[in-house]
Amino acid sequence: MTIVSEDGTEERFLSERRRERLFARINKASGYLDVAGFGWVVPLLRMAAGDSPRHQLAELRQVLVVPLTGIVAFLLLWAALAPQVKTSLGAVPGPAQVWAQAVNLYDDHSAERTKEAAFYARQKERNLKLEAAGKADQAKTRTYTGKPTYLDQIATSLKTVALGFLVATLIAVPVGIMCGLSRSVEGGLNPLIQIFKPVSPLAWLPIVTMVVSALYIDPLDWLPKSLVISAITVTLCSLWPTLINTTLGVASIDKDLVNVGKVLQLSTATTVRKLVLPSALPLIFTGLRLSLGVGWMVLIAAEMLAQNPGLGKFVWDEFQNGSSSSLAKIMVAVLTIGIIGFVLDRLMFALQAAFTYGMNR
């Protein structure tokens, strides 16, 4: 039985306990919100929970108002200066013209998908009629071969960079662990790393193209030769940050941990999984984030040079097209490339937070 004093002390105590639990939940959620890029929600939640508005408004101004001010200032400056610059394709488009072309590209995508749906509907209807007439052997199934839209080009680039980054990770992390654990392995591979790390993707691309063309003779439908060429180029240029950071992370772990593993006679696999990876994981993920950024930049250049499907080819085609809307479409692609690069980095940061939390539990 709870005895409540006349001055309400018990009620105040319970209210404070509830408030403390609420703030504990907000503090726990703040980590997830920061990873997702919604850190500005935390001051709003704290104000709603009864925290000091003055302090939280100052925090909100720093995490939300200041970045938005920078974006608005950039847009205003862009809108004011763009018409002053004349090019062979006309004046540099401002934000309004670029947005209009972004809407047009999406409308083109929607129209193309409508055509695709109509094509398959007609094909299905024709085949059903043939089957009903007893001519099932004449029924044919064809794949729609319409032009790739802007969103299709984005999907192609994302698939390519994912494949190249995955292969780079599967190579760089194990090799980096071996280099970090063995000075002999590091000494043998370090000269090669220093030689190949600065090589431009434009230098790798002709070699990769010739090798893939010679070895990959019968391409699979889901893995075309152009995708393989671009993905391998991404791999060759993006594995170095992960390799170097993994080596550094493994080499810098506490030697006492390694000695404990030797005393307990742990297998190499167990030592790596239980002792090495938890300590080196922050640097490994730093390398992965750098590699993904490098791979995304390399991919656009490779697609432009090799004319492989993707955002890079879209930019080059619009440049060659030279229409009045080409420059605005190129700027749409530039902004898209930047936004996608930002989103990929945030996703990798979220994975880092999740894996680090999971391995440290």
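Quantities reported herein were computed from a predicted structural model and do not represent experimental measurements. (Residues numbered from 1 in each chain as written. Predicted model: local features only at pLDDT ≥ 70, side-chain atom pairs only at ≥ 80, totals over all residues. Heavy atoms only, no water.)

Draft legend 1. Molecular detail of the overall build of the protein. Helix and strand counts for the protein stand at twelve helices and two strands. The N-to-C order of helical and strand elements in the protein reads α-α-α-β-β-α-α-α-α-α-α-α-α-α. Since a compact globule built from 361 residues should have a radius of gyration of about 21 Å, the 28 Å found for the protein marks it as more spread out than a globular shape. With an accessible surface of roughly 22,100 Å², the protein has 66% of that area assigned to carbon and sulfur atoms. (Helix = DSSP H or I, 4+ residues; strand = E, 2+ residues; numbered from the N terminus. Rg over C-alpha atoms; globule rule 2.2 N^0.38 Å. Areas by Shrake-Rupley, 256 points an atom, 1.4 Å probe, with all protein chains shown as cover.)

Draft legend 2. Main features of the layout of surface pockets. Quantified by volume, the largest pocket comes out at close to 520 Å³. Lining the largest pocket are 17 residues, with Val98, Trp99, Leu335, Thr336 and Ile339 positioned closest to its centre. Examining the composition of the lining of the largest pocket, we find that six residues originate from one element, helix H4 (residues 95-132), more than from any other. When grouped by side-chain class, the residues that make up the lining of the largest pocket number 16 nonpolar, one polar and no charged. (1 Å grid on protein atoms, 1.4 Å probe; cavity = no way out; pocket = protein on both sides within 12 Å on 5 of 7 lines; lining within 4 Å. Points joined across faces, edges and corners; volume = space filled by probe spheres on them. Nonpolar A, V, L, I, M, F, W, Y, C, P; charged D, E, K, R; others polar.)

Draft legend 3. Local environment of the packing of aromatic side chains. Under the counting rule described, the total for this entry stands at six aromatic pairs. Ring geometry for Tyr150 versus Phe314: centroids 4.7 Å apart, planes at 55°, classification tilted. Placement of the pair is Tyr150 in helix H5 (residues 150-181) and Phe314 in helix H11 (residues 311-321), with a sequence separation of 164 residues. There is no split in this pair, since Tyr150 and Phe314 are both buried. One aromatic cluster is present, built from ring pairs that chain together Phe119, Tyr120 and Tyr144. (Phe/Tyr/Trp six-rings, centres within 6.5 Å; stacked < 30°, edge-to-face > 60°. Buried < 20%, exposed > 50% of the residue type's maximum accessible area, 1.4 Å probe, protein only.)

Draft legend 4. Spatial organisation of the confidence of the model for the protein. The pLDDT averaged across the protein works out to 87; a share of 94% of its residues lies at or above 70. For the protein, per-element mean pLDDT is lowest for helix H1 (residues 9-36), which scores 74, and highest for H5, which scores 95. In this model residues 1-5 is a low-confidence stretch, pLDDT under 50, and it forms five contacts with partners more than four residues away in sequence or in other chains. (pLDDT = per-residue confidence, 0-100. Contact = heavy atoms within 4.5 Å.)

Draft legend 5. Broad picture of the side chain of Thr336. On the secondary structure map, Thr336 appears in helix H12 (residues 326-359). In terms of polar contacts, Thr336 uses its side chain to reach the side chain of Tyr150, at 2.6 Å. Only 2.7 Å separates the side chain of Thr336 from the backbone oxygen of Val332, close enough to count as a polar contact. Non-local contacts of Thr336, meaning those with residues more than four positions away in its chain, are made with Tyr150, Ile154 and Leu311. (Polar contact = N/O pair within 3.5 Å; in protein donor to acceptor, adjacent residues only side chain to side chain.)

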